[in-house]
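What the coordinates show
The primary structure of each chain is shown beneath.
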Amino acid sequence: MSVDRLNLRVERILPAARDALVVELRDPAGAALPPFAAGAHIELHLPDGLVRQYSLCNDPGERDRYQVGVGLAADSRGGSRYVHQHLKVGDTLTVTAPRNNFPLHEEAEEYVFFAGGIGITPILAMIHWCEANQRPWRLFYLVRSRERAAFREVLAAHGDKVLLHADEDAGGFFDIAAAIAALPAHSHLYTCGPTPLMLAVEAAAARFPEEQVHFEWFTPKAIESQGDRPFTLRLAKSDKCLEVPADKSILEVLELNGVKVEHSCREGTCASCETRVLAGIPEHRDSVLSAAEKARNDTIIVCVSRALSETLELDL
Ligand code: FES
């Protein structure tokens, strides 16, 4: 087993809300687990080759367990359905060591969290970190109904730092634009939840510098692929030159030519296929690199991104 893969025992499965579970994983021999920072996720390797990423929601100070929140997706492609219907205490799961595409800026003056539904999971780990480090924070937790609000008791203990808005009780959607308009300019915003919530925060937070607005996308942003053009891929290490046609991704072309690249989601949200760019200009289409990382053009998410230049040289 590679060092970044662990075989862990399912220790507990607890209801967190309607259609949401918390799965707790521990080393079967009680060994300490690799550390993680707030915002990190792990991949669960499920039967039938399914690999799914789930954010860690427990206190990042804990080394003896990982807890992930798993919402039952209405359009589940098998991952969340398996966890909800078949996973049981005592099972062994292979998981990857934690990775973090949604890190907290540790020097922010104030943390403002927007979570929708099960998107509360990485935010909960962030709240643990803020509490442990005595940092100011507040949470806007937006759900369709109260029964879909996960970790209600844990959150209730934080009093007025948490605003829970249930559309059904309130008779409508929360006014995200008004909430963001009232935030001080030094706030760092962290958002995780369904796409409409992410887009609403993105639009309302336009006055904040990009480096203060952070997102963890569950599902990728829509990609416009009409007008895609072919380009040439040069691989420095394997000394290959490959054509990427308009209807294939870089990752697909690499696979077809026997070039191995780590990957998981294949939709630009997990960063496992991130690859170093040596020359050329990427056309970034992923939902995981920050604006600053995209602007540097020294890395590319090969499952979805393409090239603006005629040729792209990768460190492969
Ligand atoms: S495989 Fe997940 S971002 Fe490319």
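Residues numbered from 1 in each chain as written. Predicted model: local features only at pLDDT ≥ 70, side-chain atom pairs only at ≥ 80, totals over all residues. Heavy atoms only, no water.

1. Points about unusual backbone geometry
Positioned with a positive phi, Phe-151 is a non-glycine residue whose angle comes to about 55°. You can see Phe-151 is positioned in the loop between β8 (137-143) and α3 (152-156). Take Phe-151: its relative accessible area is 13%, and that puts it in the buried class. Of note in the backbone geometry, Ala-271 takes a positive phi value of approximately 75° without being a glycine. Structurally, Ala-271 can be placed in the loop between α7 (250-256) and β14 (274-279). According to the relative accessible area criterion, Ala-271 is buried, its value standing at 13%. (Helix = DSSP H or I, 4+ residues; strand = E, 2+ residues; numbered from the N terminus. Buried < 20%, exposed > 50% of the residue type's maximum accessible area, 1.4 Å probe, protein only.)

2. Side note on the layout of surface pockets
Estimates place the volume of the largest pocket at around 1600 Å³. Together, 50 residues line the largest pocket, and Ala-73, Ile-118, Pro-194, Phe-218 and Thr-219 are the ones closest to its centre. Taken together, the elements giving at least two residues each to the lining of the largest pocket come down to β4 (51-55), β5 (66-71), α1 (79-85), β8, α6 (195-204) and β11 (213-217). Of the residues forming the lining of the largest pocket, the biggest block, five residues, is contributed by β4. Among the residues forming the lining of the largest pocket, the class breakdown is 23 nonpolar, 17 polar and 10 charged. By volume, the second largest pocket is sized at about 760 Å³. Secondary-structure elements contributing two or more residues to the lining of the second largest pocket are β11 and α8 (291-296). (1 Å grid on protein atoms, 1.4 Å probe; cavity = no way out; pocket = protein on both sides within 12 Å on 5 of 7 lines; lining within 4 Å. Points joined across faces, edges and corners; volume = space filled by probe spheres on them. Nonpolar A, V, L, I, M, F, W, Y, C, P; charged D, E, K, R; others polar.)

3. Quick word on the domain arrangement of the protein
Size of an interface: often given as the accessible area lost when the parts come together. Taken domain by domain, the protein holds domain 1 (5-96), domain 2 (110-217) and domain 3 (231-314). For domain 1 and domain 2, the distance between their C-alpha centres works out to 23 Å. Listed as interface residues are 17 residues of domain 1 and, on the opposing side, 14 residues of domain 2. Approximately 1300 Å² of surface area, both sides summed, lies buried where domain 1 meets domain 2, with 61% of it carried by carbon and sulfur atoms. On the domain 1 side of the interface with domain 2, the three residues burying the most area are Arg-18, Ser-55 and Cys-57, jointly 36% of the side's total. One salt bridge in this structure joins Arg-18 and Glu-147, with 2.6 Å as the shortest N-O distance. Counting across the domain 1 and domain 2 interface gives two residue pairs in polar contact (both at pLDDT 80 or more). Residue assignment for the side of domain 1 that touches domain 2 shows that the elements contributing at least two residues are β1 (5-17), β2 (20-26) and β5. Considering every element that reaches the side of domain 1 that touches domain 2, the biggest residue donor is β5, with three residues. Counted by class, the side of domain 1 that touches domain 2 contains nine nonpolar, five polar and three charged residues. (Domains from an automatic or database assignment. Contact = heavy atoms within 4.5 Å. Buried area = accessible area lost by both parts, 1.4 Å probe. Salt bridge = Lys/Arg side-chain N within 4 Å of Asp/Glu carboxyl O. Polar contact = N/O pair within 3.5 Å; in protein donor to acceptor, adjacent residues only side chain to side chain.)

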